[in-house]
Every structure is written in C-alpha cells, then in structure tokens.
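Here's the letter readout for the chains.
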Amino acid sequence: MSNDRPGKVRMMQGNQACAEGAIAAGCRFFAGYPITPSSEIAENLSVMLPRLGGKFIQMEDEMAAMGAIIGAALTGQKSLTATSGPGFSLKQETKGYASMAEVPCVIVNVMRGGPSTGMPTLPAQMDVQQARWGAHGDRGVIALTAKSAQETYEQTIRAFNLAERYMTPVILLIDEITGHTTEKVIIPDASDIEIVHRKKPDKDPENYLPYRFTDDCIPTLAPFGTGYRYNVTGLCHNETGFPTNDSNEIQCLIERLTRKIEIYEDDIIRNNELMLEDAEIGVFAYGSVARTAQAAVRICREEGIKAGLLEPTVLWPFPTKAVLAMAQKVRAIVVPELNLGQMAREVSLASQCSVPVHKLGRVDGSPIPPQQLVEKIREVV
Amino acid sequence: MFDYLQYVRQENFPHIWCAGCGDGIVLKALIRTMDKLGLSQDETVMVSGIGCSSRTPGYVDINTLHTTHGRAIAFATGVKIANPDLNVIVVTGDGDATAIGGNHFIHAARRNIDLTVLLYNNYIYGMTGGQCSPTTPRGANASTAQHGNLEPAFNISGLAIAAGASFVARGDAYHVKKLETLIGKALQKKGFSLVEVVSPCPTAFGRRNKMASPVKMMEQLRDTVVSVEKWEKMTGEERKGRFRTGILRDIEKPEFTAEYAKLIEKMRPEE
Ligand code: SF4
C-alpha cells in the first residue's frame, strides 16, 4: 500500500471497497442474502448498481443468490454474491455447479467465527479449507484474500479477472476485521485498471462447441441470447455440453477441471514478502493476520531475531513453491491464523516436513495482537 | 403434419422417459405452442432443475440450462433480470419446485417476475424411484410410504395464487389442445405464470397405485378432469375425486423486471 500511487483517495470500509472494486471490474449484477458481517457489500451495491444500469436483487436465500448469479453470468454479465460462513456453507452445492459448468462469477466471504452460527460479528479465518473442499467433487479452485480495504478493492477486481480468464467461480475471503475497518483506499483511474473479459466464440453457431477441448483447457461460453444455442448442465458432459456416460469423456472433463487451474498456477499465485531473504524464522500469514505478522516481524528484527514474512494473496491454488523455498531457508515456520491450523496443515505439506511448522491458532473472536505472535516466535527461537 | 425437427435436438433422441410417461406429451405441446407464438429459438432460454421433467431442455434446440435440484427458478431469475429481453421458461416437477425448491417457487411468484413455469405434477419422485413427493395424495403408496402416505398433499396452483402469481393455470397430459392454449397464455403473460400440468408417471406412481398401465392412467385423467367452468356448477359431492383444469388466475400487477427498468430510468443522471 504505497501512498504515491496515482488515484483518488477515499475513506471506506473493506466491504464498501469490495463493492467499489466490483463496479470497477465491470460487475453489473449482484444477488445476495443478508448476513453479518457482509451485508454492507449488498447495501452499497443496491445503491450503486441501478445508477449504472446494473441489477441488484436480494434473493430469498443463499442458494437462490448463488443460482441467480450463475444465471446472470450465462447472459454475459459479470456477477457477484457476498456472504459469510453459514451462507457460504449453504452456497457450496451451487458453487460446485459453477465449477462444473465453468461459469465465471465471484463469491465474497467475509469470514466470521464458526462452526454453525458461531460468532456473527467477530472475525475468523475458519472457512479457508471450506473454500477449497466445501463443494463435493474434484475440481480446481481459486480463492484470494486481502488484508486491508485497499487490497479488498484490488483483489475484488482481480477475482473478476481470474473468473473471466479461467471460466470458473472465484472466491474472495476476507474477514470481519477487514470488512468492517474503515481506512484509506486509493481508487485508481479507470484507465489504469486491467480488466479481463471472457473469451468470445471464434466460430459460427454451426461449428461451435461450448466445452471444446482446447490446449488452454478453457471453454468458450457464448452469452445466452446471442445465437449460440447450447446446453449447460451440472451432470458430467462432453464437448457439446450434453450429459455423457462415456468413461473417456468423463475422465477428460474431471481432469480438466483441476488441470485448468493447475497449469496456470504461476500466473494466479501472488505472494508478498517481508524481510524473508535472510530470515531464520519464517512466518506464513494471510488476510488481516498478515498485518499482525508485518508488525511482529519488525518487532522481532528490532530484538535481533531474524524473522521474515511470506504472505500469500492467493490461498488456492496453494503457494506450494514459495512455501517450500521458504522452508529450505529457515529453521522453523510459524503460522498464525484465526482457526486451529487449517493453513498450517498446508504449510507442513508444502514444506515436505523439512522444518518444524508451529501453529498459532486463535479462535475466540479476537484478532491476534503482534505481541502474541512475537512471543510465539521467541518461543520457537 | 407439424414438423418438430426445427425445434428438437435430434442427436439426443431417443429420450430417457419411460413408455407411457406424460413428459413427452407436454414437450410436444410446448413446442407446438412456441411455434404458434413464433418464439425465437435464439432468444428463448429453458431452465430446469432435477428430475424426469427437468430433462426436457436437453431435447429442445434453444438456450438450455439444466441446474441443481430445486434451484431452476433461482437460476432463471438471474437470467431474466440480467437480460429481460429473453423469454425464460422453467421446466420443473412437483418435488423439484415445491419440496427442495419451494422457497424459490413462492418468492418468484411473490416478486411477479416474468417467468413461465411449466410444472409437471406426477405426484411422485420418478427419477429417484418413486418416493413420496409433496403432492402424493394421502393414502397413496410410494417407495417411502409403503404403508400409505400419511401426509396431506400440496395444491400447487393454490400455492402459486396465494404467493402472488399473476397467471396460474392447470392442465393435463390427456387434454392436450387445452394444455397448448394454457401454455400459450402463460408464455404471453408479462409476469410470473404457472402452468401446472398433471402428468402420468406409470412407472413410479402408477405401478404402486393400481395403475400400472399407461392407458389406465390416461383414462383416469380423462374421467377425473373437469373444466373450471363446469367445476363452478358442481356440488361438493360431485367434485370428490376430481380436479379442475383451466385458468385459475389471470390478473394484472407490476412485473419485477419492468419495475426495475423504471428504477434505472429514474436513476439515470440528467443530461
Ligand atoms: S419414472 Fe415416471 S416421470 Fe419418470 S420418465 Fe418414467 S414415467 Fe416418466
């Protein structure tokens, strides 16, 4: 977050920054259901969208909202829904449908404490594994995160770009702290924002196959109503979009759903680092906890402890290479997170047990203060 | 003879429905009605959920969206709001629309959004093997009600009327000409319109309820259906064991996407 970037400076909540980012990305359809702590996203968009000729609808439940954004996306719109833990759980089946039918859309989850109704107004990061594995069936998943209002703005735009590029639902996981903290956001000039649009068919309707196997693994779904009449289904389908029982076709489809994210991992994954080059203790932190970690790393350095931070901005696909590289340099890794080790587990896997991975999990609804992390690092040293 | 080929996806035939199933009859009635109204195949979207009836879109050469169980109306709502110029038809069943998808059904009716819902009511879950649905008559047999169904049934058309639909009609798979008229009126209505089509399922419902023969199920439809006009003149005693078909509601009220268009117009910054 540099202060010298060009743009208009505004003060806003993370949730509002999300709404602003969606509009900047070209989102013109939102469907949602009220849920704390995400409702401000819906409220803001209910004001903004009609002014731009866009559509806002409050649906009757979370599943309906997820279904509606898929329907809208199939007409060519960039569409968004926002929710929190319980709603995210309810959306899983339909989210899986979007993965299977390869419909681009964005789902924001402003995470609160669980399980169940949990802590509606308090932050947590307990949905990070659900984002990956929540829906049944194998498929690749993209999930981003953000630690500030500024990043929420930017990551919302990126979520739309990735959804459109890879024809897949993209999840943005922020937490209650980020969603509700009002802070400075620099809104760049529209011309400085990179916007991606999904592929358009390069064949006439006669020769068009929506799910054609191509080298890039990405299907081309023409918007409904443009003369390309095809079928979309959540059943295993072949290149035509119609259901199939052919074992070859099924194998190809399901492998491709994972592969199409895997082969682009290097383009999708982005990490921030802080004093990692010479670090002896690596910290892996994401979302609002990354801010704690930044502070903690600096305090450690002042105390002479060589700590460094690896901060993923993309949680899925998991930044395996970066974690392994860190593991090969440091003596130990500390993973502070607002759950009981959901990502620490991935870090252990990625580091191939080459260094000890220490969890610091906090699940009482409070953020982790820098001092708590510093103490943990001291302990590890 | 009417030429169906323009409207069907021949490559997907033979269809999956059982011999004697009503679903194919409804499909043909729909196609003939689409043709009569000159509905553009490019500008018509058919959305379905899960179940035997929900396989209909696979056979029709338009934009088709086969969704998850119960959610067809939710997906269709997104399609329609995002692009109100499209004709959006939902094909669903009694289980799909009034059990797992009941919430979407009543809220789309309340919202009065311009969808045409064709709901095939066959009193049973056919595709999953004959389990009880919300419209299985009390006392009837189902694979999950082998001692007889204890629950009362939904009146689907009544539910749609109570929820606020602007057009509600009931037809059946025996009186096909009448069904076509009702589907035509529903397609032309600007607002949430429901056509409940009572349709025989000899395989999953009939076999368990002494009507294994499709002919017998058809005869039963022939003998128990009464027009709304005639129904009015019947006594309670005469109505027993029968049901009425025809237009049950047809009113004018604000339609959601039209209201939304007005909102956008109002919000437009002045030149
Ligand atoms: S199970 Fe019943 S509803 Fe399904 S195709 Fe067979 S007859 Fe038709």
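Rules used in this analysis
Residues numbered from 1 in each chain as written. Chains lettered and ligands numbered in written order. Predicted model: local features only at pLDDT ≥ 70, side-chain atom pairs only at ≥ 80, totals over all residues. Heavy atoms only, no water. Helix = DSSP H or I, 4+ residues; strand = E, 2+ residues; numbered from the N terminus. Rg over C-alpha atoms; globule rule 2.2 N^0.38 Å. Buried < 20%, exposed > 50% of the residue type's maximum accessible area, 1.4 Å probe, protein only. Contact = heavy atoms within 4.5 Å. Areas by Shrake-Rupley, 256 points an atom, 1.4 Å probe, with all protein chains shown as cover. Lys, Arg positive; Asp, Glu negative; His and termini not counted. Charge placed at Lys NZ, Arg CZ, Asp CG, Glu CD. Disulfide = S-S within 2.5 Å. Salt bridge = Lys/Arg side-chain N within 4 Å of Asp/Glu carboxyl O. Pairing = 2+ DSSP bridges. Buried area = accessible area lost by both parts, 1.4 Å probe. Polar contact = N/O pair within 3.5 Å; in protein donor to acceptor, adjacent residues only side chain to side chain. Nonpolar A, V, L, I, M, F, W, Y, C, P; charged D, E, K, R; others polar. Core = buried A, V, L, I, M, F, W, Y, C linked by side-chain atoms within 4.5 Å. Domains from an automatic or database assignment. Phe/Tyr/Trp six-rings, centres within 6.5 Å; stacked < 30°, edge-to-face > 60°. Right-handed = clockwise from strand over helix to strand, strands pointing away.

On to the overall build of chain B. For chain B, the count of helices and strands is 11 helices and 10 strands. Taken over the C-alpha trace, chain B has a radius of gyration of 18 Å; the compact-globule value for 271 residues is 18 Å, and the two agree within 12%. Principal-axis analysis of the C-alpha atoms gives chain B an extent of 70 × 45 × 35 Å. Counting only residues that meet the buried cut, chain B has 58% of its 271 residues in that class. In chain B, the proportion of contacts linking residues at least 24 apart, taken out of those at least 6 apart, comes to 67%. Here chain B displays about 11500 Å² of accessible surface, and carbon together with sulfur accounts for 54% of that area. Charged side chains in chain B number 32 positive and 28 negative. The centres of these two groups are separated by 7 Å.

A few words now on the state of the cysteines. In this structure the tally under the stated criterion is 0 disulfides over all chains. This cysteine, Cys132(B), is not joined by any disulfide, and Cys201(B) carries the nearest cysteine sulfur, 13 Å off.

The next subject is the pattern of salt bridges. Residues and elements named next belong to chain A. For the structure on display, the rule yields 32 salt bridges over all chains. Notably, a salt bridge pairs Arg291 with Glu183, separated by 2.8 Å at the nearest N-O pair. Of this pair, Arg291 sits in helix α10 (residues 288-302) while Glu183 sits in strand β9 (residues 182-187), and the two are 108 residues apart along the sequence. Accessibility expressed as a relative area gives 12% for Glu183, which makes it buried. For the salt bridge of Asp266 with Lys321, the shortest nitrogen-to-oxygen distance reads 2.9 Å.

So, on to the pairing of strand β2 (residues 63-66) of chain B. On β2(B), burial covers both faces: Asn63(B) and Leu65(B) on one face and Thr64(B) and His66(B) on the other are all buried. Bridge count for strand β10 (residues 231-233) of chain A against β2(B) is 3 bridges, and the pairing is parallel. What sits directly across from Asn231(A), in β2(B), is Thr64(B). Two strands pair when backbone bridges link them, and strand β1 (residues 44-48) of chain B and β2(B) are joined in this way by 4 bridges, in the parallel orientation.

Accessible area lost on assembly of the parts is the figure often given for the size of an interface. Chain B puts 37 residues into the contact, and the matching count from chain A is 37 residues. Summed over both partners, the interface of chain B with chain A comes to about 3100 Å²; 60% of that surface belongs to carbon and sulfur atoms. Of all residues in chain B, His66(B), Phe75(B) and Tyr260(B) bury the most surface against chain A, accounting for 17% of the area lost on that side. Our enumeration of links across chain B and chain A arrives at 3 salt bridges. Across the pair Asp61(B) and Arg229(A) runs a salt bridge, and its minimum N-O distance is 3.0 Å. Between chain B and chain A we count 15 residue pairs in polar contact (both at pLDDT 80 or more) in total. Where the side of chain B that touches chain A is concerned, the elements lending two or more residues are β2, α2 (72-82), α4 (102-111) and α11 (256-267) of chain B. Sort the elements by how many residues they give to the side of chain B that touches chain A and α2(B) lands first, with 7 residues. Classifying every residue of the side of chain B that touches chain A by side-chain character gives 15 nonpolar, 15 polar and 7 charged.

Judged by nonpolar contacts, the single largest core of 130 residues is most densely connected at Leu45(A), Leu80(A) and Phe284(A). Two domains each put at least three residues into this core: domain 1 (8-190) and domain 2 (271-380) of chain A. For Leu80(A), the contacting residues outside a window of four places in its chain are Ala22(A), Cys27(A), Phe29(A), Phe30(A), Ala31(A), Ile41(A), Leu45(A), Ile69(A), Val106(A), Val108(A) and Phe160(A). With 30 residues, the next largest nonpolar core counts Tyr7(B), Leu27(B), Tyr59(B) and Ile89(B) among its residues.

All names here are of chain A. Assigned domains of chain A: these are domain 1 (8-190) and domain 2 (271-380). One C-alpha centre belongs to domain 1, the other to domain 2, and the line joining them spans 26 Å. Residue-level contacts link 27 residues of domain 1 with 26 residues of domain 2. Of the roughly 2000 Å² buried at the junction of domain 1 and domain 2 (both faces included), carbon and sulfur atoms supply 54%. Between domain 1 and domain 2 we count 2 salt bridges in total. Applying the counting criterion to the domain 1 and domain 2 interface returns 15 residue pairs in polar contact (both at pLDDT 80 or more). Each residue belonging to the side of domain 1 that touches domain 2 can be placed in one class, and the counts come to 14 nonpolar, 6 polar and 7 charged.

This paragraph deals with the packing of aromatic side chains. Residues and elements named next belong to chain A. In total, this model carries 15 aromatic pairs over all chains according to the counting rule given. For the pair Phe284 and Phe318, a centre-to-centre distance of 5.6 Å together with 35° between the ring planes defines the contact as tilted. Of this pair, Phe284 sits in strand β12 (residues 281-284) while Phe318 sits in the loop between β14 (314-316) and α11 (320-329), placing them 34 residues apart in sequence. Accessibility assignment for this pair places Phe284 and Phe318 in one class, buried.

Moving on, we get to the pairing of β12(A). Residue and element names in this part refer to chain A. Side-chain alternation along β12 places Ile281 and Val283 on one buried face and Gly282 and Phe284 on a second face that is also buried. In this structure, β12 lies alongside strand β13 (residues 307-312), joined through 4 bridges in parallel fashion. The residue bridging Gly282 from the neighbouring strand is Gly308, located in β13. Handedness of the β-α-β unit built from β12, α10 and β13 comes out right-handed. As paired strands, β12 and strand β15 (residues 332-337) are joined by 3 bridges and run parallel to one another. Along β15, the bridge assignment pairs Val283 with Val334.

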